[in-house]
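Each chain, written out:
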Amino acid sequence: MNMLQNFLMSKLHLGSQEEVPKVLEEVTVEGVVNYIKSGKCKNIITMAGAGISTSAGIPDFRTPGTGLYSNLEKYNLPFPEAIFDIEYFRNNPKPFFVLAKELYPGTFAPTPSHWFIRLLHDKGLLLRHYTQNIDTLEHVAGLPADKVVEAHGTFRTSHCLNCRKEYSQEWVKEEIFKDSIPTCTECSGLVKPDIIFFRESLPVRFFQLMQSDFPKCDLLIILGTSLTVQPFASLVDNVPAMCPRLLINREKAGTVDPMMAMLQGMFGSAGLALDSPNNIRDVALLGDCDEGCVKMAEFLGWKDDMQALLATTKK
Ligand code: OAD
Ligand code: ZN
């Protein structure tokens with residue numbers, strides 16, 4: 001396969017990226033570390049998913065066995081994602097509220113991955129943190145609200161699906177914890193926390209900041225996500241063509257098939273080029289996110305700062 005690719009590439013000049021200046025001296029974790037240390041990397045964007053919170057005791061969605069979608073039998077759903085599907089919810093909101101009670105944010109502590117993102121902020125390097133998570137752990141870790149984009153919404157506010165009346169977190173939480181379905185006091189419509197369900201639009205702020213942030217990005221760090229849900233997954237394609245991308249995850253995610261990557265070389269690529277022979281900027285630090293983040297802090301010479309932040313959780 002590789003031979004065929006290389007042959008086609010050399011004959012057809014497909015996938016040639018000669019025009020793109022290299023940013024990393026070597027396409028390795030060390031290359032990324034040296035780039036950050038060089039001072040040329042001033043604007044880091046982090047993108048995260050459920051994998052950064054699993055060590056806090058919150059399951060992810062798609063890991064076979066432990067992921068939420070493998071553990072929803074008791075709800076008798078037609079398909080696992082139905083629990084977060086807006087049309088399903090309108091007819092049968094009970095499963096979502098039972099789960100919401102179980103996973104209600106606020107009872108969990110940030111993980112070393114969250115503290116690493118906070119450390120990037122403390123070092124003045126974090127342009128923005130884009131998260132798919134609704135557990136609010138980035139706030140608990142002390143990231144200012146303006147640095148965080150909660151792409152899949154938040155539990156902080158709720159709205160009636162019918163008349164759009166807004167409800168406070170306290171009111172909805174009380175309803176959820178007494179096992180009743182939150183219902184609008186004005187029109188008896190269903191009240192839903194403002195987390196984004198499938199088939200709903202992402203918050204306006206996501207699209208606004210995405211447009212201004214990504215062209216400025218010097219390094220994208222992707223943590224703990226399978227990069228399967230759109231439009232979030234496509235954010236990786238919004239950075240400049242030479243911008244390095246570091247994936248810290250248990251498995252490779254968001255990669256394009258090497259043959260597709262080669263063909264897309266002509267038209268601009270989609271996804272991470274980890275397995276592409278043309279790869280000049282994508283690096284994977286595979287394994288546990290927390291371990292990866294602790295290692296990154298050490299490599300960057302920030303071991304003591306990281307220890308100090310980690311101690312915050314242990315107190
Ligand atoms: P997924 O469950 O799809 O992916 C989690 C990723 O993190 C997987 O690649 C895991 O291998 C990896 N992972 C889990 N624990 C890890 C750990 N401790 N260290 C390193 N890697 C780890 O979760 P998301 O990508 O966040 O949306 O899912 C995206 C969206 O799908 C969610 O926001 C949610 C869901 O449906 C909505 O509900 C709208
Ligand atoms: Zn209403």
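Residues numbered from 1 in each chain as written. Chains lettered and ligands numbered in written order. Predicted model: local features only at pLDDT ≥ 70, side-chain atom pairs only at ≥ 80, totals over all residues. Heavy atoms only, no water.

1. Focus on the environment of I45
Examined against the element boundaries, I45 turns out to sit in strand β1 (residues 44-48). Separated by 200 residues in the primary sequence, I45 and R245 have C-alpha atoms spaced 9.6 Å apart. Excluding anything up to four places from it in sequence, I45 contacts L127, R128, Y130, D213, F214, C217, L219, L220 and I221. (Helix = DSSP H or I, 4+ residues; strand = E, 2+ residues; numbered from the N terminus. Contact = heavy atoms within 4.5 Å.)

2. A word on the UniProt feature "active site" (unreviewed entry) in the protein
Those residues carrying the UniProt feature "active site" (unreviewed entry) are H152 in this numbering. With respect to the helices and strands, the residue H152 is situated in the loop between β3 (148-150) and β4 (153-160). Residues in contact with H152, not counting those within four places in the same chain, are T131, Q132, I134, I195, I196, L202, V229 and F232. (UniProt positions renumbered as here; feature names shortened; annotations may be inferred.)

3. Observations regarding the coordination of the zinc ion (ligand 2)
Listed as protein donors to the zinc ion (ligand 2) are C160 (SG), C163 (SG), C184 (SG) and C187 (SG); their distances from the metal cover 2.3 to 2.4 Å. Each of the four donor atoms bound to the zinc ion (ligand 2) contributes to angles spanning 98 to 118 degrees, and the resulting shape is tetrahedral. Summarised as a motif, the one-chain spacing of the donors to the zinc ion (ligand 2) is C-x2-C-x20-C-x2-C. Of this pair, C163 sits in the loop between β4 and β5 (166-168) while C187 is found in the loop between α7 (169-177) and β6 (191-195), placing the two residues 24 residues apart along the sequence. Using a relative accessible area of 38% as the deciding quantity, one classes C163 as partly exposed. (Donors = N, O, S within 2.8 Å, 3.2 Å for Na, K, Ca; no water. Tetrahedral: all angles 85-135°; square planar, octahedral: opposite > 155°, others 65-115°. Buried < 20%, exposed > 50% of the residue type's maximum accessible area, 1.4 Å probe, protein only.)

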